[in-house]
Amino acid sequence: KKWRERGYWRLPEIDIMEFLGHEKTLYHATLHTRTPAGRGGRVTKDGYTVYGTSVDTGLDLTADYHLYGLEWNEKELAWYFDGKAVKREPTPQDSRGDAKYMLINLAVGGNWPGRPDQSTSFPAHYSIDYVRAYKRNADCAASRPPPSD
């Protein structure tokens, strides 16, 4: 179904990486879903569930390119930073089956992190070296080890 035919148009949403420019070592890995909250989930005022994790890399993320990844199957979502797993969540019911959209954007303003002010750097630059999407081959072993650095 198209987004708007599903009701709340952007759910489920899987944020592989959200970066706020003023937190140079930190990024956010988040799952937004209509599936009722389980362990660690937070229900918003709009009635959807958020599973968010702040990942402090200890590195200035603006100084170099990094690899952000997501491995997604019927049972689990696993987020990766530079080849190392940083977060795992069970796959919610509404994240199974339907086609998904892949979005890549640089968001400025909104409710989070808030309106730009005089400390906000403009123009903003968002450099992406490449994006790859794969579908696992049914012949591949399900016990493949995670990527290494």
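Please refer to the structure placed before this passage.
Enquirer: Now, about the nonpolar core: what can you tell me, with residues and values included?
Expert: Grouped together as the largest cluster of nonpolar side chains are nine residues: Tyr 27, Ala 29, Leu 31, Tyr 51, Val 55, Leu 61, Leu 77, Trp 79 and Phe 81. When residues of this core are traced back to their parent elements, those giving at least two are β2 (26-33), β4 (49-56) and β6 (76-81). Once residues lying within four places of it in the same chain are set aside, the contact partners of Leu 77 are Ile 14, Leu 31, Leu 70, Glu 71, Trp 72, Lys 87, Arg 88, Glu 89, Pro 90, Thr 91 and Pro 92.

Enquirer: I'd like to hear about a nonpolar patch on the surface, residue by residue, with values.
Expert: Where nonpolar side chains cluster on the molecular surface, the patch consists of Met 102, Ile 104, Leu 106, Val 108, Phe 122, Tyr 126, Ile 128 and Val 131 and spans about 760 Å² of accessible area. Here Phe 122 shows up in the segment after β7 (84-90).

Enquirer: Kindly report on the pattern of salt bridges, identifying the contributing residues and their values.
Expert: Enumeration according to the criterion identifies two salt bridges in this entry. Taking the shortest distance from any N to any O, the salt bridge between Lys 87 and Glu 89 comes out at 3.1 Å. By relative accessible area, Glu 89 is classed as buried at 9%.

Quick notes on the rules
Residues numbered from 1 in each chain as written. Predicted model: local features only at pLDDT ≥ 70, side-chain atom pairs only at ≥ 80, totals over all residues. Heavy atoms only, no water. Core = buried A, V, L, I, M, F, W, Y, C linked by side-chain atoms within 4.5 Å. Buried < 20%, exposed > 50% of the residue type's maximum accessible area, 1.4 Å probe, protein only. Helix = DSSP H or I, 4+ residues; strand = E, 2+ residues; numbered from the N terminus. Contact = heavy atoms within 4.5 Å. Patch = residues over 30% accessible without salt bridge, like charges linked within 9 Å, V, L, I, M, F, W, Y side chains within 5 Å. Areas by Shrake-Rupley, 256 points an atom, 1.4 Å probe, with all protein chains shown as cover. Salt bridge = Lys/Arg side-chain N within 4 Å of Asp/Glu carboxyl O.

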